[in-house]
Amino acid sequence: MNSSVHQLVKASIPAYACPEGTKMHILNLGSLNVDEGWLLLGVNSSSVSNPSPQNKRRDLMIIAGLIEHPEMGLVLFETGCADDITKVCHSYTVPSTLIVKWGHEALDLFPRIQYGAAHRLPAAIEATGNSIDDVKAIIMGHLHLDHAGGLEYFRNTGVPIYVHEEEFKHACWAAGTNSDGGLYLGEYLDIDGCLNWQTFNDSQLDLATGLTLYHCPGHTPGLCILQINLSKNGTFIWTTDQYHIKENFEQNHAHGWLLRDYRSWVDSGKFIRRLQKTFSATLIFGHDFSVADGLIKAQKYYE
Ligand SMILES: [Zn+2]
Ligand SMILES: [Zn+2]
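Residues numbered from 1 in each chain as written. Chains lettered and ligands numbered in written order. Predicted model: local features only at pLDDT ≥ 70, side-chain atom pairs only at ≥ 80, totals over all residues.

1. So, the pairing of strand β8 (residues 160-164)
- The buried count for β8 comes to four of five residues, which makes it a mostly enclosed element.
- For strand β7 (residues 135-139) and β8, the ladder comprises two bridges, and the chain directions are parallel. In the strand pairing of β8, I138 is matched with I161.
- Where β8 meets strand β9 (residues 196-200), five bridges bridge the pair, whose relative direction is parallel. Bridge pairing in β9 places V163 opposite T199. (Buried ≥ 20, exposed ≤ 12 C-beta atoms within 10 Å, placed from the backbone. Helix = DSSP H or I, 4+ residues; strand = E, 2+ residues; numbered from the N terminus. Pairing = 2+ DSSP bridges.)

2. Considering the sheet that holds strand β12 (residues 224-230)
- Pairing is mixed in the open sheet, where five strands are placed in the order β10-β11-β12-β13-β14. The sheet is open, and its two borders are formed by β10 (204-208) and β14 (282-285), each paired with just one other strand. In this sheet, adjacent strand axes meet at a mean angle of 20° when their direction is disregarded.
- Taken together, the four bridges between strand β13 (residues 234-240) and β14 define a ladder with parallel strand orientation. Residue pairing for β14: I237 is matched across the bridge by L283.
- Packed on one face of the sheet, helix α7 (residues 262-279) meets β12, β13 and β14 and runs near 160° to β13. (Axes fitted to C-alpha atoms, helices over the stretch in contact; angles between N-to-C directions. Contact = placed C-beta atoms within 7 Å.)

3. Things to note about unusual backbone geometry
- A positive phi angle, near 60°, is found at D180, a position not held by glycine.
- Within the fold, D180 resides in the loop between α4 (165-177) and α5 (186-189).
- Backbone geometry at N252 places phi at a positive 50°, although glycine is not the residue there.
- With respect to the helices, strands and loops of the structure, N252 is situated in the loop between α6 (246-250) and α7.

4. Some details on the sheet that holds strand β1 (residues 23-35)
- Spatial ordering of the open sheet is given by β6-β1-β2-β3-β7-β8-β9, a layout of seven strands whose pairing is mixed. Across the chains shown, the open sheet's two edge strands, defined by having one partner strand only, are β6 (112-114) and β9. On average, each strand axis in the sheet is tilted by 30° relative to the strand beside it, whichever way the strands run.
- Of the strands in this sheet, β8 and β9 are in contact with α4, which crosses β8 at around 90°.

Pasting the structure below:
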């Protein structure tokens, strides 16, 4: 026998499970309705044989994660849309002007079709037996307007908001120059000190026992996924919008009009596939209605 065989250790990836008593909730914060062309490259496009295809649309769930972590306290993963996305408010740059928060075009393209009292962020947290006032930290996978709107509840609270530095810088550039399709809103970034931004540069950040962030650019330059190792229900990976819907992952089908850096998206996807396999992880996609709904209905919480 080759002597090197004796040098092999038992195959394992060192990874901690979350402490005893950790609970993970999936919050339903309402839904949007969009043309599938935003989500899947090439769909709904015309051809010679089908010059006027039917433009299929899809319902997307707005989701957030709430983790009761015995060491870190109550942790929120992303925050959904703002409570009132149509509200007019004063523009910071031109004080006499009133602007619509999401803009008429965004409201027309991505209407919020489901948003009742139970979908409001404070109510969704309350339904888990917790209070939004007890949130100790927020992790932002990325800062698009349908993920960062709920930061409005955390102005002047001092709650740390963890986000990759590349995402924060890109969001400031995009909002400040009105670039990248208006997907970032300056009002949600609050760089005047009202929000406690905590940026990091690491490609892998172990934020707390059993909670790890990985930089996975592609959909946005600073997108991070969240891995959570639960002792009873196993490993979950919150992919945020690296994958809007399960077809992006299962068929390796890139986003449509929401794709930015294809090469990075492919590389991030290869990494996530390896990670998923290594940990036999369950993926929670950014907006897949059926996957999130199934997980919410299957268990009250995961532990
Ligand atoms: Zn999104
Ligand atoms: Zn996004």
